[in-house]
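# Observations on the three-dimensional arrangement
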Amino acid sequence: MTTSKQNFKFPAKVRTTFYVITATGLTLRAADYLNFPPFCSLNSSSFFPEKIRAAIHAVFRSSRAISTIGFTIADYKYSLRGLPVDSEDYRGKLSEVHLRSANRMLKLCETNKGFYVKAGQFVAALRQVPKEYSSTLSSLQDQAIPCHFKAIKEVLVSNLGQDLSKIYLSFDEQPIAAASIAQVHRAILKDGQEVAIKVQYPGLELQMKIDITTMSFLSKSVALLFPDYRFDWLVSEFTKAISSELESRRKRTNGLIAYDQDFMQEARNSERTAKNFKNKKIVRVPRIFWEFTTSQVLTMQFCRGHKVDDMGFFKEMGISPIKVAKTLVEVFAEMIFIHGFVHGDPHPGNILVSPEGPNGFSLVLLDHGIYKQLDEGFRIDYCQLWKALILQDSLQVQQLGERFNVGKYSRYFPVIFIGRTIDSKSALGSGMSAEEKRILKQELKSLKMEDISSFMESLPPDFLTILRTDGLLRSLVSKLGAPQRIRLLTYAKYAVYGLSLKSDPNSGYAGKAAFSRLKTNVSYLQSRLIIEGLELLSWMERVKQFLRTLCRKILSAALV
């Protein structure tokens, strides 16, 4: 068996591209250290028109990005050179380079802020990127420096058309929250209602276009230098996500798509979500004040609560973290499998727990900027996938893999979603046996970056959104100390229910329609029995643990 080595030479054209990227980055980066005024200073200066300030700022942001990627490319190229790709040395060195590169990316995001922080958060939520990147970039979730109130006040006055004193009894200049594209202030309207006001940072439109263009250029450059490392799918999905948060109106100019920023879409998403959960008292969505909402200002009901992972608050209020986790998963399972309208950014800052509501708490859903409307065909196929996973129907999983356009990689769906191999014989929810883990480890060793790139590129866009949302949910469930079995059972239950809602468009007469409903009901009952069986096993396991603890206590008391 011949061993593949990283001792090739890049073609002349590729080497030239690499040198240009690195040289350009270094040249522009050098100016970054010449005490040139930072953008915040430029923004308050009257010496530069706004477009000139934005252009200068863009040059420095892009220079940092280009030089960072240049150094990273060089690190991968020279650190891995001469190492057999299937050797332990290669894998060990690759992990080291991943970690160094992730730290460079973290520093870049922290320095450039804005959309770079948003991009870093986006990558951190993906379970499909190397763990060195996801764990390092996860620190960006709570990083955002607020904008000076003078600039925020200008946005408010220009959008609302009058001085703040004519609208508010009081307005807190200190923001209660700051993110990468906006910050939130608390205020009281003239009629005494308490509101939260989300204000978009000035100058975002041009900054977004330049930043995304830079990211796209760099991802294409990486793909040219390292054909196995293709990240266009990642930039594309990030662009769609950020566009859905900022933009709802598009116009084509000279073959290019121009965007108008719009918080109105976020307000509409919020109202739609509130309507979807109107019968669930445990879910709260802040009410929108349309008379004070514009494309750059969003005014909503002020809702009190603590972050969904605030364990200290739960202990103080006597709220069960397990119940919070179960409710959280149920809410998002309903979004995915029933409504097909999914909140795309469920990190802890966007979900609050209020001590008011049924069972002693309620969930407050915030930040409705990033949503995904799932294609109905995809929603049904995704329900079918979870049904197949629960029924351990490997043939159906592979058939669905063809519909999802991933072919042979569908065998890894059970690993990704339920933590078991496609050929596993163990009971669902019991985890993999030692032998299954050994075989899987050997399989994964044979996978190259080309396989991962091909898999991610092949997935439908809706699937990428689901993977990201599911990754964030799994992280939250883990932080709350709940077993992943809760997610497994809840997803299975809602997937089966989602299939029961499907109507047969080909039912031309009553007999065929009745037969279709009968098949759906039988399928629902079959899956429901398995789900209830799993819940019974889960209950029996808890009883067994309780009895063991009780026996130990009795035995200890007897010995004393």
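Values in this document were obtained by computation on a predicted structure and should not be read as measured data. (Residues numbered from 1 in each chain as written. Predicted model: local features only at pLDDT ≥ 70, side-chain atom pairs only at ≥ 80, totals over all residues. Heavy atoms only, no water.)

### Structural notes on the overall build of the protein chain
Secondary structure summary: the protein chain contains 20 helices and 13 strands in total. Surface summary for the protein chain: the accessible area is close to 28,100 Å², and the carbon and sulfur share equals 57%. (Helix = DSSP H or I, 4+ residues; strand = E, 2+ residues; numbered from the N terminus. Areas by Shrake-Rupley, 256 points an atom, 1.4 Å probe, with all protein chains shown as cover.)

### Observations regarding the side chain of Ser 134
Within the secondary structure layout, Ser 134 lies in helix H6 (residues 131-137). Only 3.2 Å separates the side chain of Ser 134 from the backbone oxygen of Lys 131, close enough to count as a polar contact. Once residues within four sequence positions are removed from consideration, Ser 134 is found in contact with Ala 124, Leu 126 and Val 129. (Polar contact = N/O pair within 3.5 Å; in protein donor to acceptor, adjacent residues only side chain to side chain. Contact = heavy atoms within 4.5 Å.)

### Points about the confidence of the model for the protein chain
Mean pLDDT over the protein chain: 77, with 69% of residues reaching 70 or higher. Low pLDDT, under 50, characterises residues 1-10; the predicted model gives this stretch 20 contacts beyond four residues in sequence or across chains. Low pLDDT, under 50, characterises residues 503-509; the stretch is placed with 5 contacts to residues that sit more than four places away or in other chains. (pLDDT = per-residue confidence, 0-100.)

### Thoughts on helix H10 (residues 264-276)
Along its 13 residues, H10 runs 19 Å from first to last C-alpha, staying within 8% of the 18 Å computed at 1.5 Å per residue. Within H10, the full set of buried residues consists of Glu 266, Ala 267, Asn 269, Ser 270 and Thr 273. Viewed end-on, H10 has its buried residues packed into an arc of 160°, placing them on one side of the element. Buried residues along H10 sit in contact with strand S4 (194-200), strand S8 (297-301), helix H12 (321-339), strand S10 (341-343), strand S12 (362-365) and strand S13 (371-373). (Expected span 1.5 Å × (residues − 1). Buried < 20%, exposed > 50% of the residue type's maximum accessible area, 1.4 Å probe, protein only. Arc of directions from axis to C-beta.)

### Describing the pattern of salt bridges
Applying the stated rule across the entire model yields 19 salt bridges. One salt bridge connects Lys 280 with Glu 334, and the closest N-O pair in it is separated by 3.6 Å. Here Glu 334 lies in helix H12 and Lys 280 lies in the loop between H10 and strand S7 (283-284), a separation of 54 residues in the sequence. Take Lys 280: its relative accessible area is 26%, and that puts it in the partly exposed class. Look at Glu 334 and you get buried, because its relative accessible area is 11%. (Salt bridge = Lys/Arg side-chain N within 4 Å of Asp/Glu carboxyl O.)

### Considering the pairing of S4
Burial within S4 is extensive, with 6 of its 7 residues counted as buried. Strand direction decides the pairing type here: strand S3 (residues 182-189) and S4, joined by 7 bridges, are antiparallel. Residue pairing for S4: Val 184 is matched across the bridge by Lys 198. Between S3 and S4, which pair antiparallel in sequence order, lie 4 residues; one of them, Gly 192, sits at a positive phi of approximately 90°. (Pairing = 2+ DSSP bridges.)

### Things to note about the sheet that holds S7
The strand order across the open sheet formed by 4 strands is S7-S12-S11-S9, and the pairing between neighbours is mixed. Edge strands, defined here as strands with exactly one partner in the open sheet, are S7 and strand S9 (306-307). Those strands touched by H12 are S7, strand S11 (351-354) and S12, and its axis lies near 45° from that of S12. (Axes fitted to C-alpha atoms, helices over the stretch in contact; angles between N-to-C directions.)

### Remarks on the packing of H12 against helix H19 (residues 485-500)
A pair of packed helices is characterised by two quantities: the angle between their axes and the separation of those axes. Following both chains from N to C, one finds H12 and H19 inclined at 30°, their axes separated by 9 Å at the closest point. With respect to H19, the axis of H12 lies roughly parallel. Here H12 and H19 pass one another in a crossing that is right-handed. Taken together, the residues of H19 that come into contact with H12 (itself represented by Ile 322, Lys 326, Val 329, Glu 330, Ala 333, Glu 334, Ile 336, Phe 337 and Ile 338) are Ile 486, Arg 487, Thr 490, Tyr 491, Tyr 494, Ala 495, Tyr 497 and Gly 498. (Parallel < 35°, antiparallel > 145°, perpendicular 65-115°, else oblique. Left-handed = near helix turned anticlockwise from the far one by under 90°.)

### A word on the environment of Ile 422
Along the chain, Ile 422 falls in the loop between helix H15 (413-418) and helix H16 (434-446). In this structure the C-alpha to C-alpha distance between Ile 422 and Leu 395, which are 27 residues apart in sequence, comes to 9.5 Å. Excluding its chain neighbours within four sequence positions, the residues that come into contact with Ile 422 are Ser 394, Val 397, Gln 398, Arg 411 and Pro 414.

### Focus on the nonpolar core
By size, the foremost hydrophobic cluster in this structure holds 64 residues, and its most contacted members are Phe 337, Tyr 382, Leu 385, Trp 386, Phe 417 and Phe 463. If sequence neighbours within four positions are ignored, Leu 385 has contacts with Val 397, Leu 400, Phe 404, Phe 413, Phe 417 and Phe 463. If you look at the next biggest cluster of nonpolar residues, it comprises 27 residues, including Leu 106, Leu 126, Val 129 and Leu 137. (Core = buried A, V, L, I, M, F, W, Y, C linked by side-chain atoms within 4.5 Å.)

### What about unusual backbone geometry?
Positive phi, close to 55°, is recorded for Asp 367, a residue that is not glycine. On the basis of relative accessible area, Asp 367 is assigned to the buried category, the value being 18%.

### Remarks on the packing of helix H13 (residues 376-391) against helix H14 (residues 394-403)
For the pair H13 and H14, interaxial distance at closest approach is 9 Å and the crossing angle is 155°. Considering the angle they form, H13 stands roughly antiparallel to H14. For the pair H13 and H14, the sense of crossing is left-handed. Contacts between H13 and H14 involve Asp 381, Gln 384, Leu 385, Ala 388 and Leu 389 from the first element and Gln 396, Val 397, Leu 400 and Arg 403 from the second. Partitioning the contact of H13 with H14 into residue classes produces 5 nonpolar, 2 polar and 2 charged. (Nonpolar A, V, L, I, M, F, W, Y, C, P; charged D, E, K, R; others polar.)

### Re the packing of aromatic side chains
Going through the model one piece at a time under the given rule, you end up with 18 aromatic pairs. Every member of this aromatic cluster is reached through a ring pair, and the members are Phe 337, Phe 378, Tyr 382, Trp 386, Phe 404, Phe 413, Phe 417, Phe 463 and Tyr 491. Over the face of the ring belonging to Tyr 491 we find Arg 487, whose NZ or CZ atom lies 5.2 Å from the ring centre. (Phe/Tyr/Trp six-rings, centres within 6.5 Å; stacked < 30°, edge-to-face > 60°. Lys NZ or Arg CZ within 6 Å of the ring centre and 35° of its normal.)

### Looking at H19
Given 3.6 residues per helical turn, the α-helix brings residues three or four places apart onto the same face. Given a rise of 1.5 Å per residue, 16 residues ought to cover 22 Å, and the 23 Å separating the end C-alpha atoms of H19 matches this to within 8%. Counting buried positions along H19 yields 12 of 16 residues, so the element is predominantly enclosed.

### Some words on the pairing of S12
Residues Ser 362 and Val 364 point to one face of S12 and Leu 363 and Leu 365 to the other, with burial holding for every one of them. Note: S7 against S12, 2 bridges, orientation parallel. For Val 283, the partnering residue across the bridge sits in S12 and is Leu 363. For S11 and S12, the ladder comprises 4 bridges, and the chain directions are antiparallel. Of the residues in S12, the one forming a bridge with Leu 352 is Val 364.

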